[in-house]
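Topology and contacts: notes
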Amino acid sequence: MPDCSRLLRGAWRAGATTGALALLALPLRAQEHPRLSATEYARAEALLGWNARDLVVDDAVVPHWTAGDRFWYRNHGARGYEFLVVDAATGAKRPLFDNVKLASELSVRADTTFDPTKLPFRDITLSADGRSVQFEIGKRKFWTCDVVAYRCAGPDTVPMHRASEVKSPDGKWVAYERGGNLFVRPAAGGAESALTTDGTPDDGYAISNIGCCAQVTNVRNKTELRPYVLWSPDSKRLITHKWDQRHVRTMYLLETKSPAAVLHSYRYALPGDSVIPTFEYYVFDVDGRKGVKVDLPPIDAVNTSCCWMATDTVWKDVRWSAAGNEVFFTAGKRGYHQLTLMAADARTGTARTVLKETGKTFVETNQNSGGIPNWRPINGGREVVWWSERDGWGHLYLVDAATGAIKNRITSGDWMVSDLLWIDEAQRYAYFTARGREPGRDPYLRFLYRARLDGSSIELLTPENGDHAISMSPDGKFLVDVYSRTDSIPVSVVRAPSGAVVKELQRADISRLVAAGWTMPTTFTARARDGQTELLGLLFRPTHIVAGRKYPVIDYIYPGPQIGSTGGRQFNVSPGGNARALAELGFYVVQVDAMGTPGRSKAFHDAYYGNMTDNGIPDHIATIKQLAARYPEMDLDHVGIFGHSGGGFSSTDAILSYPEFFKVAVSSAGNHDQRSYDFTWGEKYQGLLKKLSDSTDSFDSQSNWRKAKNLRGKLFIAYGTMDDNVHPVASQLVIDELIKANKDFDLLVMPNRNHGFANEPYMVRRTWDYFVRNLLGAQPPEGYVLKTPSP
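What counts, and at which threshold
- Residues numbered from 1 in each chain as written.
- Predicted model: local features only at pLDDT ≥ 70, side-chain atom pairs only at ≥ 80, totals over all residues.
- Heavy atoms only, no water.
- Disulfide = S-S within 2.5 Å.
- Buried < 20%, exposed > 50% of the residue type's maximum accessible area, 1.4 Å probe, protein only.
- Pairing = 2+ DSSP bridges.
- Helix = DSSP H or I, 4+ residues; strand = E, 2+ residues; numbered from the N terminus.
- Contact = heavy atoms within 4.5 Å.
- Expected span 1.5 Å × (residues − 1).
- Core = buried A, V, L, I, M, F, W, Y, C linked by side-chain atoms within 4.5 Å.
- Patch = residues over 30% accessible without salt bridge, like charges linked within 9 Å, V, L, I, M, F, W, Y side chains within 5 Å.
- Areas by Shrake-Rupley, 256 points an atom, 1.4 Å probe, with all protein chains shown as cover.
- Salt bridge = Lys/Arg side-chain N within 4 Å of Asp/Glu carboxyl O.
- Polar contact = N/O pair within 3.5 Å; in protein donor to acceptor, adjacent residues only side chain to side chain.

Turning our eyes to something else, we now look at the state of the cysteines. Counted by the stated rule, this structure contains two disulfides. Residue pairing for cysteine 145: its cysteine sulfur links by disulfide to cysteine 152, the two sulfurs lying 2.1 Å apart. Handedness of the cysteine 145-cysteine 152 disulfide follows from its S-S torsion of about 110 degrees: it is right-handed. Note on accessibility: cysteine 145 and cysteine 152 belong to one class, buried. Through a disulfide, cysteine 212 is tied to cysteine 213; the S-S separation comes to 2.0 Å. Since its relative accessible area comes to 5%, cysteine 212 is described here as buried. Taking relative accessible area as the criterion, cysteine 213 reaches 33% and is therefore assigned partly exposed.

Here it is as C-alpha cells:
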C-alpha cells in the first residue's frame, strides 16, 4: 500500500494541484494527514530566539556603566562570547579578562572543563577596582576570580554585592530589611543598627516582596530583592515606606510535591476589594538613628507607570532634592484618575502639594512598560521637570516647585516624549527620547533629543533612521546608542551629549543567521476598524514561498494596554511568540499594534478604556483582511491566534467573540477575568468595579468564561499551577464553563510553573503541534524534542 502521507506532503509542498491543496481543508482522519518531518521542525528550531542569538556576531551593546566613564558588556564575537570594557571618552575597547586563562583556572578549581568560547555564565559582578569578577554557575554557587593574577575561589553562597542591600552614595553605609524592620551597618564592617523595631512582614518597613507578580516564586527561589530604600545624595538620610497589607485578601497555591502537596499563601488584592495595600513614608537620619513619618495619611498602593512600584533597581516614584533636605514623591488614588506630586521636609516630615494631575481615564507618568516616571526635581528642588498628557500627547513641562504653577512648556506637538533620560542643570537642557516627531518615519521609532528648559529650542541628536536605545553614563558625559529597526541590523556607537559620534563600537553580522534561513519581517501599515487610524505591524513569512499555495494565518497578540504585540522597533531575533520560527513551519504570522496600545497619542492609548474585552481584536481582524488583499496566498479560512498572559486572555476572547474568523486559539496563563487578577490592573484599565445589579457588575463584559458557550473552533488552554501573577483560577473559570457548555477543548497543566512558562521548549513545541494539526492540516513529527536553551 502506498505511503499516503508522503504523496500528500509532496503535493502540498510543491503546490502541484488544486485538489491536493483542497485536501488540507477537509476533515481527514489523522493517519491520512501529511506529516511534517523532523528536518522541517529542526529548520524552525534553528530560528528560535535562544538559538538565533548565538548566530549573531557583534549584536547590540548592552552597557554596564562603571566609574571613570567606562562600561563593560558581554559580546558574541567571531570566536565566541567575550566580555569587553570600553573607555567612553575614546571608544577604545579591550577584553575585560582573558577567556583562556580564566577558563583554565576555573576548570582546575571546579574540577571540570570549561570552553573559553562558551563560559558558563552570562552576567558578572565587577569589583570597584575592576580587578575581580564574580559570576554564578548553577543555583547560588558564586565564583570570584582575580582577573589580574587569574586565581579563582569558590563556590560561595554569598554574592559580592547582595541585591538585598543598598549602599549609600558615599559607600560608607549599607541599608537592608529583615522581618519588616530596617537596619543599617557600616559597609567596611561593624555592628548593625536597627532604625525600626515595630515592623512585621505584613506591616513593615522597606519590604519588597509585594504586589502582583512573584511573591511565592521569590520565596521558593530564595530570591534576593532590593528593599524599598532611597539614600539622599549626601548619604545622611534615607527614605523608605512602611507597607501595610495586614487585612489584604490572602490567595493560595498548591505546590506539587511528594509525598503531599504544599500550601503557599500570599497577599493579593482584587478589583472591588474593600482593602488594598497602603503605605506611609518615613525619613531616617542615619547618624542620629532617628526617623520621622511624612505627615500624610496612608497612600493607596497604585503604580504610576506599568508595572508595580519599582523598575529594576529604581524605586520609581521618589526623588531627593540635590541638597538632601527635601524629598519629592507622587501619591496616587485608587481608580487612577488623580496623581499628586508632593514634597516633604526631610527633617520634620511636613508635606506639601506641588501639583495635581487629573484625567478622565488613567493618569500616568510614562507610557512605556517598565518605564521610569518622567519627572525630576531640579535647581535645588525649586523646579520640577514634569511629564503630562494633559493636551493629548505626552510632553515635558517646567513647574515652579513652590507654587505648582507651570512656568512653560518644554516640548509640544503631535508627538510623544518617551523617556526622560538626563537633565543638564548647568546648561539647562533636558535629554529625552521621543516618538513620532520625525515626518515620514515610523512613529514608534525612538530618537534622542535635547530641549532647552525654557522651551526655546529642541535638537535632534540621533538622525539615523532607526529606533535608538539610549544608555546615558551616570554623569551624563557620554551615552551608548544602539540603533536598528525590525528589518535592519543593530549599530552600536558611543556619543557625546551633543550627539557627535565618539566611536562606532560594532555592527551586527547576521550572515550565519541568514544562512540558517532567517529572513527579515515585512513591515506594513493598515487601517484600523474606523477605516482612518493608521496601524503598524510586522508580517513573518516562511523562507521559501511556493506559488499557488495557500498559507494559514496566525495572529500573535498581546493587547496591552501597557505594551503592544510587536514589543518594540529594535532588531530582534526573539520576536513575540517566536514568530519567525513559527512562520518557517508554513504559516504567515501577523503582529500589529492595535488601538489601545501605547506609544502614540493619549486617545490612541485610551481606545478601549473601560471595555477590556475589546482587546484591539477588531483592528487585528481588519489588518489581516487588508494583508490578505495584498498577499492573496493568505488563507482567511484558516486563521489562528495565540498569546500569553494578556495575550492568553485576548486569544481566548478572540475565538469566543469572533468564532467565524478565528478557527484555532492557543491561550496560556490568561487573565480571563480581571476580577480574579491584581487590582492595579483591572481598576486602571477597566475602571473601578461597580455593582450594576444583584448579579452583574461593570467587569462582567470582559470575562471570557461568560462566553464559553460560543466556542466553535479548536481551543488549547495552558496554565501553571504555581502562577502567583495570574492565579490558576482565571483559567479554571473558563474551563468550568466550557465543561458546562459541553464544549471540547484541549488543556495543558504545567505543575509548579509560575507565570513565565511561555518559552519553555515543551510549551513552544505543543503550540507548534497544535497549529500544525489544526490549521495546517498536517501531523507534527513524532516524539520531536526542542532542545533546552543554553545558559
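What follows continues from the structure just given.
What follows deals with the sheet that holds strand β12 (residues 193-194). As summarised here, the arrangement of the four strands in space is β9-β10-β11-β12, forming an open sheet in which the pairing is antiparallel. One side of each edge strand has no neighbouring strand; the edge strands of this open sheet are β9 (165-167) and β12. Here strand β10 (residues 173-178) runs beside strand β11 (residues 181-186); their pairing, made up of six bridges, is antiparallel. Across the sheet, tyrosine 176 pairs through a bridge with phenylalanine 183, a residue of β11.

By the element assignment, serine 668 lies in strand β44 (residues 664-668). Residues within four places of serine 668 in sequence aside, it is in contact with Gly643, His644, Ser645, Gly648, Ala718, Phe757 and Met763.

Next up on the list: helix α14 (residues 761-774). Under the 1.5 Å per step criterion, the end-to-end length of α14 is 20 Å for 14 residues, consistent within 8% with the ideal 20 Å. Where α14 is concerned, the buried positions are Pro761, Met763, Val764, Arg765, Thr767, Trp768, Asp769, Tyr770, Phe771 and Val772.

Taking 1.5 Å as the rise per residue, helix α13 (residues 729-740) with twelve residues should run 16 Å; its terminal C-alpha atoms sit 16 Å apart, in good agreement. Elements that come into contact with the buried residues of α13 comprise β45 (714-720) and β46 (746-750). Asparagine 742 lies just past α13 and shows a positive phi near 60 degrees.

Residues Leu585, Phe587 and Trp768 are the most contacted members of the largest nonpolar core, which totals 45 residues. A per-element tally of this core places α14 first, with six residues. With residues up to four places along the chain from it excluded, the contact list for tryptophan 768 reads Tyr41, Ala44, Glu45, Leu48, Ala581, Leu582, Leu585 and Leu786. Of all hydrophobic cores here, the second largest spans 39 residues; its members include Leu536, Leu539, Leu627 and Leu715.

Our focus in this paragraph is unusual backbone geometry. Along the chain, glycine 154 connects to proline 155 via a cis peptide bond; the corresponding omega equals 0 degrees. Within the element layout of this structure, proline 155 appears in strand β8 (residues 151-156). Cis geometry marks the peptide bond from glycine 560 to proline 561; its omega dihedral reads 5 degrees. Relative to the helices and strands, proline 561 resides in the loop between β41 (551-556) and α8 (579-583).

Attention shifts here to a nonpolar patch on the surface. Residues Tyr252, Leu254 and Leu263 make up a contiguous nonpolar surface patch of about 330 Å² in total accessible area. Relative to the helices and strands, leucine 263 is located in strand β17 (residues 262-267). When its relative accessible area of 56% is taken as the criterion, leucine 263 is described as exposed.

Let us look at the pairing of strand β18 (residues 278-285). Burial runs high along β18: seven of the eight residues are buried. Examined bridge by bridge, β18 and strand β20 (residues 299-300) share two bridges and lie antiparallel to one another. Bridging across to β20, phenylalanine 279 finds its partner in isoleucine 299. Inspection of the sheet shows β18 paired to strand β19 (residues 290-293) by four bridges, in the antiparallel sense. Residue pairing in the sheet places aspartate 285 in a bridge with lysine 290 of β19.

Relative to the helices and strands, asparagine 99 is located in helix α5 (residues 99-110). A relative accessible area of 13% means that asparagine 99 is categorised as buried. A polar atom in the side chain of asparagine 99 sits 2.9 Å from the backbone oxygen of proline 116. Not counting the four nearest positions on each side in its chain, asparagine 99 is found in contact with Tyr81, Glu82, Pro116 and Leu119.

As a further point, take the pairing of strand β42 (residues 588-592). Burial within β42 is extensive, with five of its five residues counted as buried. In β42, alternate side chains face the same way, and those of Tyr588, Val590 and Val592 on one face and Val589 and Gln591 on the other are all buried. Two elements, β41 and β42, share three bridges in a ladder whose sense is parallel. Each residue of the ladder has a partner; that of isoleucine 554, found in β42, is valine 589.

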